[in-house]
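Overview (structure and organization)
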Amino acid sequence: MLGLLGFYDDFERHPGQPSGPVRDAVRPVGEPDEAALVSYLDAGHVLLDVMEGGNDVITGAAHRHSLGCSSLVTDGAWLWRQDFPHYVETHHVLLPAAFTERVRGLNYQMPRLRCAEFAPHFDETMPVIGWTSAVPWRSAKTVIEPEQRTAMSKTEYDAHTLARSRPRPGSKHTKAREPRWS
């Protein structure tokens, strides 16, 4: 079975998720190499894209992973939701020692996904996280190389959000401008 990261009760309609309540995992400070760990999580192989939106379950605010937040991501040994990096960088949620040791041992580089080795672990793990109707893992490829993905950093997201909330220059209106989606 794959190791599970961040499958908290707060994300589901029914309690009893493998990671318990998210508030129990929040810490005042993160790992010394937290930024590198977040980058690793952001670079994971996307397994299932889920088209939904969600806000931070602690603050209620939108964040850089709000869109597609429950999409599933892996490194071949661990499985996490796409929004898990947000909780690591913002709330410094506790990471399992086995995960941090693995990532540090890989020098923070996302490994290849070897499909034949990965498939049985995926199939075994999906029912545990509530995806009982998931079809067995199949891929036409034998190895999936990590893709170069650029995720907006928290700092970039916060700056973009702040800029959108300011009134237009020279405007007499004090109401924040509506976002433009391009």
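Let us look at the structure shown here. Within each chain, residues carry numbers counting from 1 in the order of the written sequence. For a predicted model such as this one, the threshold for reporting local features is a pLDDT of at least 70, and the threshold for listing and counting side-chain atom pairs is 80 or more; totals across whole chains, interfaces and linings nevertheless cover every residue. Working from all heavy atoms in the structure, the side-chain values ignore hydrogens and water.

**Describing the pattern of salt bridges**
For side chains of opposite charge, pairing can occur when their charged atoms come near one another. Condition: For salt bridges, the criterion is a side-chain nitrogen of Lys or Arg within 4 Å of an Asp or Glu carboxyl oxygen. Helix numbers and strand numbers start at the N terminus; a helix is a DSSP run of H or I with at least 4 residues, a strand a run of E with at least 2. Only protein chains enter the calculation, and the probe is 1.4 Å; a residue is then buried if its accessible area is under 20% of its type maximum, exposed if over 50%, and partly exposed in between.
The full count for this structure, using the stated rule, is seven salt bridges. With its nearest N and O atoms 3.1 Å apart, the salt bridge here joins Glu31 to Arg104. Pair noted here: Glu31 is in the loop between β1 (3–5) and α1 (34–42) and Arg104 is in helix α3 (residues 97–105), with a separation of 73 residues, a long-range link. Take Glu31: its relative accessible area is 22%, and that puts it in the partly exposed class. Linking Arg104 and Asp33 is a salt bridge whose minimum nitrogen-to-oxygen distance equals 2.7 Å. One end of the pair, Arg104, is in helix α3; the other, Asp33, is in the loop between β1 and α1, with 71 residues separating them in the sequence.

**Considering the pairing of strand β4 (residues 78–81)**
Note the following rule: For two strands to count as paired, DSSP must find a minimum of two bridges between them.
What you see with β4 is no split at all: Trp78 and Trp80 on one side and Leu79 and Arg81 on the other are buried throughout. Note that β1 and β4 share three bridges and pair parallel. Across the sheet, Gly3 pairs through a bridge with Trp78, a residue of β4. Both strand β3 (residues 72–74) and β4 contribute to a ladder of three bridges, which runs antiparallel. Residue pairing across strands places Leu72 opposite Arg81, the latter belonging to β4.

**Re the sheet that holds strand β2 (residues 45–48)**
To keep it simple, the criterion reads: For helices, the fitted axis covers only the stretch in contact; all axes are lines through C-alpha atoms, and the angles between them, taken along N-to-C directions, range from 0 to 180 degrees.
Taken in spatial order, the four strands of this open sheet run β1-β4-β3-β2, and their pairing is mixed. Strands at the two margins of the open sheet, each flanked by one partner only, are β1 and β2. Geometrically, the sheet is characterised by an average inter-axis angle of 30° between neighbouring strands, direction not taken into account. The pairing of β2 with β3 spans three bridges and is antiparallel. Residue pairing in the sheet places Leu48 in a bridge with Leu72 of β3.

**Here's the deal with α3**
The line we're drawing: Here, the arc refers to the directions that run from the helix axis to the C-beta atoms. The criterion used for residue contact is that any of the two residues' heavy atoms lie within 4.5 Å.
Residues of α3 that are buried: Phe99, Thr100 and Val103. The buried residues of α3 occupy one face: seen down the axis, they fall within an arc of 95°. Along α3, exposed side chains directed more than 90 degrees from the buried face belong to Glu101 and Gly105. Elements that come into contact with the buried residues of α3 comprise β1, α1 and β4. Asn107, located one to two residues past α3, shows a positive phi value of around 55°.

**A word on the packing of aromatic side chains**
Counted only if it meets this: Pairing of aromatic side chains requires ring centres within 6.5 Å, counting the rings of Phe and Tyr and the six-membered ring of Trp. Pairs whose planes differ by under 30 degrees are stacked, by over 60 edge-to-face, and all others tilted.
Under the defined criterion, the tally for this structure stands at six aromatic pairs. For the ring pair Trp80 and Phe99, a centre distance of 6.2 Å and an interplane angle of 70° mean the geometry is edge-to-face. Of the two residues, Trp80 sits in strand β4 while Phe99 sits in helix α3, which places them 19 residues apart along the sequence. The buried category is assigned to Trp80, whose relative accessible area is 0%. In textbook terms, an aromatic cluster arises when at least three aromatic residues are bridged by ring pairs, as seen for Tyr40, Trp78, Trp80 and Phe99.

**Some details on the environment of Ser19**
Among the structural elements, Ser19 can be located in the loop between β1 and α1. Relative accessible area serves as the criterion here: at 28%, Ser19 is assigned to the partly exposed category. Considered as a pair, Ser19 and Phe7 are 12 residues apart in the sequence and their alpha carbons are 5.3 Å apart. Beyond its immediate sequence surroundings of up to four residues, Ser19 is in contact with Leu5, Gly6, Phe7 and Tyr8.

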